Amino acid sequence: MVILFYIASFVALVASAMAVSRRNAFHALLYVVVSLLAVAVVFFVVGAPFAGALEIIVYAGAIIVLFVFVVMMLNLGPPAIQRAEGFLTPTMWIGPGALSAVLLVEMAVLLARSGDEAVSGTPVGPKEVALSLFGPYVLGVEIASFLLLAGLVGAAYLGAGVRTTGGDR
Amino acid sequence: MTGAVLLDHGLLVASGLFAIGLIGVLVRRNLLFQLLSIEIMLNAAGLAFVLAGARWGAADGQIMFIFILVMAAAEVAVGLALLLRLSRRFEDLGGDAVSGMRG
């Protein structure tokens, strides 16, 4: 079980290094997704399944999709169509696909041995996290909701400015 | 393999991820890549919290990870909205395009 931790960590480091060194934004986003999935596997291995699920749902599922939307909005115009064909060449899928295949095999091994304990101590499930989150940390939840509201208002204000002012100034 | 050794190696991995993100912020001059590198750095910090929480079987590490997640979501929403504004105004995503101030 410990070897799964090291393999996933290696995948995360390689994918992050590839992500910050890519020239194309789409290729970098693919590698960032692989890095986040690898960190989620690390969370599952060390016995934090709730954090791993949140990593996949919120980071890889919401934040990276936001990045993809912005990259696509930045590439409007006729030259983007020729560039978009270059994004999807088969060779660029080999790197992220191979790293993701490693993670898939790891998840299969983890699920096949689901009776075992985590590597370090007992797993901390969603129930313990929820009881602690809405017990001693309830003030933090309130502050986080204020932060999200502030982010929502700020993004709405800035995004509305993009639409009304257009491309002038 | 005891949990302490695993925590040591996990913290090494987290610091490696943080260093990669920091190098990305410092080297890349594209604001989109800098935002992506900041995400990698925040992810590394969350990894350190979760590993430390899992070492002692406590839920506090995952709770701090949730707070980091909320902060990253708010940060990336505002950051990408600012990025769209900059791209409309300067037609350039380099950080040097906005290095000057008026007045």
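Residues numbered from 1 in each chain as written. Chains lettered and ligands numbered in written order. Predicted model: local features only at pLDDT ≥ 70, side-chain atom pairs only at ≥ 80, totals over all residues.

Describing the overall build of chain A
Consideration 1: Looking only at helices and strands, one finds seven helices and zero strands in chain A.
Consideration 2: Ordering the α and β elements of chain A from the N terminus gives α-α-α-α-α-α-α.
Consideration 3: The buried share among the 169 residues of chain A stands at 31%.
Consideration 4: If you take every contact in chain A between residues at least 6 apart in sequence, the share linking residues at least 24 apart comes to 72%. (Helix = DSSP H or I, 4+ residues; strand = E, 2+ residues; numbered from the N terminus. Buried ≥ 20, exposed ≤ 12 C-beta atoms within 10 Å, placed from the backbone. Contact = placed C-beta atoms within 7 Å.)

Section: the nonpolar core
Consideration 1: Judged by nonpolar contacts, the single largest core of 76 residues is most densely connected at Ala-8, Ala-38 and Val-42 of chain A.
Consideration 2: Listed by contribution, the elements that provide at least two residues to this core are helix H1 (2–20), helix H2 (25–45), helix H3 (49–74), helix H5 (94–112) and helix H6 (126–133) of chain A together with helix H1 (3–27), helix H2 (31–55) and helix H3 (60–90) of chain B.
Consideration 3: At 18 residues, H2 of chain A tops the list of elements feeding residues into this core. (Core = buried A, V, L, I, M, F, W, Y, C linked by C-beta atoms within 7 Å.)

Remarks on the interface of chain B and chain A
Consideration 1: With 49 residues of chain B at the contact, the number on the chain A side is 57 residues.
Consideration 2: When residues of the side of chain B that touches chain A are traced back to their parent elements, those giving at least two are H1, H2 and H3 of chain B.
Consideration 3: For the side of chain B that touches chain A, the leading source of residues is H3 of chain B, giving 24 residues.
Consideration 4: For the side of chain B that touches chain A, the residue count by class is 33 nonpolar, nine polar and seven charged. (Nonpolar A, V, L, I, M, F, W, Y, C, P; charged D, E, K, R; others polar.)

Overview of H3 of chain B
Consideration 1: Its 31 residues place the ends of H3 of chain B 44 Å apart at the C-alpha level, agreeing with the 45 Å of an ideal helix rising 1.5 Å per residue.
Consideration 2: Backbone geometry just after H3 of chain B places Glu-91 of chain B at a positive phi near 55 degrees. (Expected span 1.5 Å × (residues − 1).)

A word on the packing of H6 of chain A against H3 of chain B
Consideration 1: Between H6 of chain A and H3 of chain B, whose axes approach to 9 Å, the crossing angle comes to 70 degrees. Judged on the interaxial angle alone, H3 of chain B and H6 of chain A are roughly perpendicular. Where H6 of chain A abuts H3 of chain B, its residues Val-129, Ser-132 and Leu-133 of chain A lie against Asp-60, Gln-62, Ile-63 and Ile-66 of chain B.
Consideration 2: For the contact of H6 of chain A with H3 of chain B, the class distribution of residues is four nonpolar, two polar and one charged. (Axes fitted to C-alpha atoms, helices over the stretch in contact; angles between N-to-C directions. Parallel < 35°, antiparallel > 145°, perpendicular 65-115°, else oblique.)

Here we look at the environment of Val-102 of chain A
All names here are of chain A.
Consideration 1: Position of Val-102 relative to the elements: it lies in helix H5.
Consideration 2: Judged by local crowding, Val-102 falls into the partly exposed class, with 17 C-beta atoms found within 10 Å.
Consideration 3: Separated by 64 residues in sequence, Val-102 and Ala-38 place their C-alpha atoms 9.4 Å apart.
Consideration 4: When near neighbours in sequence (up to four residues on either side) are disregarded, Val-102 contacts Ile-7 and Val-11.

Observations concerning H3 of chain A
Each full turn of the α-helix corresponds to 3.6 residues, which orients residues three or four apart in the same direction.
Consideration 1: Between its terminal C-alpha atoms H3 of chain A stretches 36 Å, which fits the 38 Å expected from 26 residues at 1.5 Å a residue.
Consideration 2: Roughly 25 degrees is the biggest bend found in H3 of chain A, and it falls at Glu-55 of chain A.
Consideration 3: When H3 of chain A is considered as a whole, its buried residues turn out to be Phe-50, Ala-51, Gly-52, Leu-54, Glu-55, Tyr-59, Ile-63, Phe-67 and Val-70 of chain A.
Consideration 4: Buried positions along H3 of chain A lie against H2 and H6 of chain A together with H2 and H3 of chain B. (Bend = angle between axes of the 7 residues up to and from the residue.)

Brief notes about the confidence of the model for chain B
Consideration 1: The pLDDT averaged across chain B works out to 86; a share of 96% of its residues lies at or above 70.
Consideration 2: Two summary scores accompany this predicted model of the complex, namely pTM at 0.86 and ipTM at 0.88. (pLDDT = per-residue confidence, 0-100.)

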